[in-house]
Amino acid sequence: MIIKRTITAVILSLSCLLSLSAGDRGFEPLTTWPYVYEEFRSGTVTNYQGTEIVYDKVNLCLVNGRVHYVKDGRIMEADDRSASALRIGDDSYVRISGRFVKVLRRTANGGVVALSSVVDEEEMSRKDIGYGKSALASTQNVSLSAISGDLPFSVNKAIDVVDKEKYGGEKLAVRETKGICLNGMFIPASRADVLKIPGLDKAAVKNFIKAEKIKFSDTDDLAKLADFLYSL
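Residues numbered from 1 in each chain as written. Predicted model: local features only at pLDDT ≥ 70, side-chain atom pairs only at ≥ 80, totals over all residues. Heavy atoms only, no water.

Overview of the overall build of the chain
Right, so step 1: Scanning the chain from terminus to terminus reveals 7 helices and 10 strands.
Right, so step 2: With an accessible surface of roughly 13500 Å², the chain has 51% of that area assigned to carbon and sulfur atoms. (Helix = DSSP H or I, 4+ residues; strand = E, 2+ residues; numbered from the N terminus. Areas by Shrake-Rupley, 256 points an atom, 1.4 Å probe, with all protein chains shown as cover.)

Shown next, in the form of structure tokens:
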């Protein structure tokens with residue numbers, strides 16, 4: 001009986017782990033679906049005056065960092081130039097230098113640790129699929145100019161059509177950079193980039209980094225650093 005219960009427990013544990021692993025894999029954006037999320041979902045855009053615009057179906061385009069939404073069955077691009085924040089599902093974003101970055105941590109003193117995700121055009125240009133063509137210039141209804149231009153191929157297309165074609169493209173190379181949002185700038189999480197901040201008391205920052213043993217890959221440490229930078 002004990003052995004039977006043990007085997008059952010192990011099987012249940014393995015099932016949970018397999019399920020978790022599948023969930024952790026997440027969705028990988030494609031040239032035919034250059035979005036953060038696999039499906040459009042409910043979201044809210046907030047402008048600098050605090051006014052909220054609620055969308056039933058919204059997604060974030062990785063090509064230009066703009067908000068796309070569905071209206072009358074077609075994909076539209078939102079005029080988000082006056083937007084300061086975005087929420088899609090449980091995820092929050094802030095707009096920095098014309099793009100939305102995902103909020104990883106907000107600190108008590110107003111600091112923000114964020115993740116920037118952009119299409120790695122250099123990496124994509126190296127992906128040869130034969131005949132000297134890159135993945136982005138393949139016959140997936142996606143041209144290199146379209147994927148890197150201001151208006152991605154999916155805008156103004158029927159969502160049903162684009163949705164059917166979403167899995168037909170190449171994997172989209174995405175460059176993710178963790179960093180700190182400060183004074184309207186996104187500062188990549190590296191000692192060198194932090195010390196390049198204009199008007200910074202470099203000696204004070206160097207001492208803080210050394211004293212606190214800041215690890216630039218650690219979100220908690222970056223939150224400490226963000227608060228310190230805000231205090232200067």
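Re the packing of helix 6 (residues 202-212) against helix 7 (residues 219-231)
Right, so step 1: Their axes nearest at 11 Å, the elements helix 6 and helix 7 cross at an angle of 150°. On the basis of their axis angle, the class for helix 6 and helix 7 is roughly antiparallel. For the element pair helix 6 and helix 7, the recorded crossing hand is right-handed. Only Lys224, Leu225, Phe228 and Leu229 of helix 7 make contact with helix 6, whose side of the interface consists of Ala204, Val205, Phe208, Ile209 and Glu212.
Right, so step 2: Of the residues assigned to the contact of helix 6 with helix 7, the class counts are 7 nonpolar, no polar and 2 charged. (Axes fitted to C-alpha atoms, helices over the stretch in contact; angles between N-to-C directions. Parallel < 35°, antiparallel > 145°, perpendicular 65-115°, else oblique. Left-handed = near helix turned anticlockwise from the far one by under 90°. Contact = heavy atoms within 4.5 Å. Nonpolar A, V, L, I, M, F, W, Y, C, P; charged D, E, K, R; others polar.)

Overview of the environment of Leu222
Right, so step 1: Residue position: Leu222 is located in helix 7.
Right, so step 2: Residue Leu222 is classed as buried on the basis of its relative accessible area of 0%.
Right, so step 3: Residues Leu222 and Ile180, 42 residues apart in the sequence, show an inter-C-alpha distance of 7.2 Å.
Right, so step 4: Excluding its chain neighbours within four sequence positions, the residues that come into contact with Leu222 are Val113, Lys178, Ile180, Ala189 and Phe216. (Buried < 20%, exposed > 50% of the residue type's maximum accessible area, 1.4 Å probe, protein only.)

Here we look at unusual backbone geometry
Right, so step 1: A positive phi is found at Asn183, a non-glycine position, where the angle reads about 50°.
Right, so step 2: You can see Asn183 is positioned in the loop between strand 9 (174-182) and strand 10 (185-188).

As for helix 7
Right, so step 1: With 13 residues, helix 7 ought to run about 18 Å at 1.5 Å a step, and its terminal C-alpha atoms sit 18 Å apart, in line with that.
Right, so step 2: Burial in helix 7 covers these residues: Thr219, Asp221, Leu222, Ala223, Leu225, Ala226, Asp227, Phe228 and Leu229.
Right, so step 3: Structurally, helix 7 contributes buried residues whose contacts are with strand 7 (99-106), strand 8 (112-119), strand 9, helix 5 (191-194) and helix 6.
Right, so step 4: For helix 7, the side-chain oxygen to backbone nitrogen distance between the N-cap and Asp220 is 3.0 Å, and the N-cap itself is Asp218. (Expected span 1.5 Å × (residues − 1). Polar contact = N/O pair within 3.5 Å; in protein donor to acceptor, adjacent residues only side chain to side chain.)

Overview of the pattern of salt bridges
Right, so step 1: Within this structure, the stated rule accounts for 10 salt bridges.
Right, so step 2: For the salt bridge of Asp80 with Arg66, the shortest nitrogen-to-oxygen distance reads 2.7 Å. Here Asp80 is found in the loop between strand 4 (74-77) and strand 5 (83-88), whereas its partner Arg66 is found in the loop between strand 2 (52-60) and strand 3 (67-71), with 14 residues between them in sequence. With respect to class, Asp80 is no different from Arg66; both count as buried.
Right, so step 3: Of the charged contacts, one joins Asp163 and Lys166 as a salt bridge, the two residues approaching to 3.0 Å between their closest N and O atoms.
Right, so step 4: According to the relative accessible area criterion, Asp163 is partly exposed, its value standing at 30%.
Right, so step 5: Residues participating in the shared-partner salt-bridge network are Arg66, Glu77, Asp80 and Arg95. (Salt bridge = Lys/Arg side-chain N within 4 Å of Asp/Glu carboxyl O.)

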